[in-house]
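Chain by chain, the residues:
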Amino acid sequence: VTLAVNASDPGRQMPSTLFGLFFEEINHAGSGGLWAELVQNRGFEAGGQNTPSIFEPWYKVGDQLQVSIGTELSSPFQRNPVALKIEVLCDSGDNSCPSGGVGAANPGFWGMSIVAGSTYKVELWVRSKTSFSLSVAFTSSDGTTVLAQSHLSVEASEEWSKRSVVVAATSTDHNARLALTSATRGVFWVDQVSALPTDTYKGHGFRKELATMIADLKPGFLRFPGGCYVEGQRMANAFRWRDSVGPYEERPGHYGDVWNYWTDDGFGYFEGLQLAEDLGTAPIWVFNNAHSRFAGVSHEQSVATELIGPFVQNVLDGIEFARGPVDSTWGAVRAEMGHPEPFQLQHVAVGNEDCNKPYYTSNYMEFYNAIKLKYPDIQIISNCDASIAPLDHPADLYDYHIYTNAKNLFAMRHQFDHSSRSGPKAFVSEYAVTGTDSGTGSLYAALAEAAFLIGIELNSDLVQMASYAPLFVNANDRRWNPDAIVFNSNQQYGTPSYWMQHFFKSSNGAHLIPSTVQADSSTSLASIITSAVRFHNASSGMEYLIVKAVNFGNTSLNVNLAVTGISASNIIPGESNIMVMTSSGVMDENSFTNPVKVAPQVSKATNAA
Ligand code: AHR
């Protein structure tokens, strides 16, 4: 088989946003994942704002004769009224307390990873009727080994005070806990307990290794914060941007009832915008558009158009939060959070998978008109698919999601070949091979996805953006399978679908140039798709050519690459590489123990001038 490319063909420039990321709070992607907060249920609010509330996964350190713990409505925070009351019933003075004291401990998200030599910032609010010494310690899960510790002197006071301490770990344990203990008889209250490694991605609270993995993909955009997560199963449990900004102590947190877990909303709207900025990419805000996923007989979970006004204002406020000047109401809140400069928000999506919900189009128009009036430059994304028939409403882009088996996705490499070029552009914001073809992330799935993405490159006059979904999964709480990046408290690896995306990371803004495949008549080309892109690298000052080929068939083929339009003297000898992703079995996967079993292998091309 000969793959022919004319490198001097002017080609067509592809969008700089073509391949990006979709971050959703699913599988503990943020809470207990990318957001490096180690404490789970930091405000004791997970059971709602009544008492007794759910304080799990906090648990008692000591037996019932030594300590009692429970929730109380005594917090200093208006939107977070629940605090933890700890009554110490023993005392070191009469030797009735164990040596480490008694109190409460938090195991984080299936264990905290505490590493020798690293430092951690612990913050908490405390109030006590008597003066005492509070031990703040990372320990092994059974408390026998202290990994890092500090003792806080707490003065007797009716007032709450915020305490902050940085502790250095002397030992490593990836299944550690944070313990707050005392050996002085008395009563004290704690609230809003936080523990973060001091070393986070760009200093903004993102777990470094996970953020680095997504930065390595050179994403052209970041769609966030969901997905179904934005909608909620019921509207009361939808993500609310206002509740996720400002000081952490004042964020009420919420129960995400689609993926069924509580989040303290440490990773909120602000953090999504900040992450996009830190990755040097374009944020795409998906907002709740007054529809939830609830599919009841009544319309109670979809708001009728005549009542939509406050929802529209809420979205305008959200845009003002991102872009408004520091003297605007919401721009001031952003500035107070340490970001006076506006974020570069240029895209918003009106809901997620809501096109067929009651009132979608009429509600959409209210959002559309209000946003365009105030922010004419913002690109608006509709939930309705225009790939087959034109939309009955204006939109800059339409959202397209596809989860299917490998054969279907391979066939869908032609999905956009015949779609209208005169309407809105396409945003494939969620794609993945799912079901038995994917396992928990297989080479087979990645191969079909690569073919689909080549189809997107070839159609990138229409398709402006594409992102794999979901991005992350905490292996301890898999709510969706497969995913691109798997992690636990201290390890992470990319599935083949993650590594597949590395083949496309130079495509954003590159020029697509024609590639053709020729073979003798006995060779079928039905399972082959190719593309060629050319781009300029400013730091090396050189032009690069990347030719990609996917063979989805079960016959291996020898490929000769024939490049014309470039003189041999302009090719740097030994600089041509071949990158192949393969494995002995097509269903092979990566794992914590074998994280790069299926990953790109780079070798030097032979016969290259
Ligand atoms: O990616 C997982 C889910 O799939 C998303 O939340 C939703 O948009 C889609 O149904």
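Owing to the predicted nature of the structure, the values given are computational and were not obtained by experimental measurement. (Residues numbered from 1 in each chain as written. Predicted model: local features only at pLDDT ≥ 70, side-chain atom pairs only at ≥ 80, totals over all residues.)

What about helix α1 (residues 208-215)?
- Listing the buried residues of α1 in full gives Leu210, Ala211, Met213 and Ile214. Mapping the buried residues of α1 onto a view down its axis gives an arc of 155°, with all of them on the same face.
- Check the buried side of α1 and you find it contacts β3 (21-22), β25 (485-487) and β26 (492-494). (Buried ≥ 20, exposed ≤ 12 C-beta atoms within 10 Å, placed from the backbone. Helix = DSSP H or I, 4+ residues; strand = E, 2+ residues; numbered from the N terminus. Arc of directions from axis to C-beta. Contact = placed C-beta atoms within 7 Å.)

Describing the environment of Thr516
- In this fold, Thr516 is placed in strand β28 (residues 515-518).
- For Thr516, a count of 12 C-beta atoms within 10 Å corresponds to the exposed category.

Structural notes on the domain arrangement of the protein
- Split into domains, the protein comes out as domain 1 (2-11 + 510-604), domain 2 (59-197) and domain 3 (222-383).
- For domain 1 versus domain 2, the distance between C-alpha centres works out to 56 Å. (Domains from an automatic or database assignment.)

Notes on the confidence of the model for the protein
- Per-residue pLDDT for the protein averages 96, and the proportion of residues at 70 or more is 99%.
- Model confidence for the complex is summarised by a pTM of 0.97, with the ipTM given as 0.99. (pLDDT = per-residue confidence, 0-100.)

Here's the deal with the environment of Asp142
- As for its placement among the helices and strands, Asp142 is situated in the loop between β10 (132-139) and β11 (146-154).
- Residue Asp142 is classed as exposed on the basis of its C-beta count, with 8 C-beta atoms lying within 10 Å.
- Spatially, the C-alpha atom of Asp142 lies 9.9 Å from that of Asn175, the residues being 33 residues apart in sequence.

Things to note about the packing of helix α4 (residues 309-323) against helix α5 (residues 329-336)
- Two numbers describe how α4 lies on α5: the axes approach to 7 Å, and their chain directions differ by 45°. Between α4 and α5, the angle falls in the class oblique. Of the two elements, α4 crosses α5, and the hand of that crossing is right-handed. Here Asp317, Glu320 and Phe321 of α4 come into contact with α5, specifically with Thr329, Trp330, Gly331, Val333 and Arg334.
- When the residues that make up the contact of α4 with α5 are grouped by side-chain class, the tally is three nonpolar, two polar and three charged. (Axes fitted to C-alpha atoms, helices over the stretch in contact; angles between N-to-C directions. Parallel < 35°, antiparallel > 145°, perpendicular 65-115°, else oblique. Left-handed = near helix turned anticlockwise from the far one by under 90°. Nonpolar A, V, L, I, M, F, W, Y, C, P; charged D, E, K, R; others polar.)

A word on the packing of α4 against helix α6 (residues 360-374)
- Axis separation between α4 and α6 bottoms out at 10 Å; the angle between their running directions is 35°. The handedness of the crossing between α4 and α6 comes out as right-handed. Counted together, Val312, Val315, Leu316 and Ile319 of α4 and Glu366, Phe367, Ala370, Ile371 and Lys374 of α6 form the full contact between these two elements.
- Here the residues of the contact of α4 with α6 sort into seven nonpolar, no polar and two charged.

Section: the sheet that holds β28
- Taken in spatial order, the three strands of this open sheet run β28-β1-β31, and their pairing is mixed. Either end of the sheet is taken by a strand with one partner, and the two such strands are β28 and β31 (560-564). The sheet shows a mean angle of 20° between the axes of neighbouring strands, taken without regard to direction.
- Pairing analysis gives four bridges linking strand β1 (residues 2-6) to β28, with the strands arranged antiparallel. Looking across to β28, one finds that Leu3 is bridged to Val517. (Pairing = 2+ DSSP bridges.)

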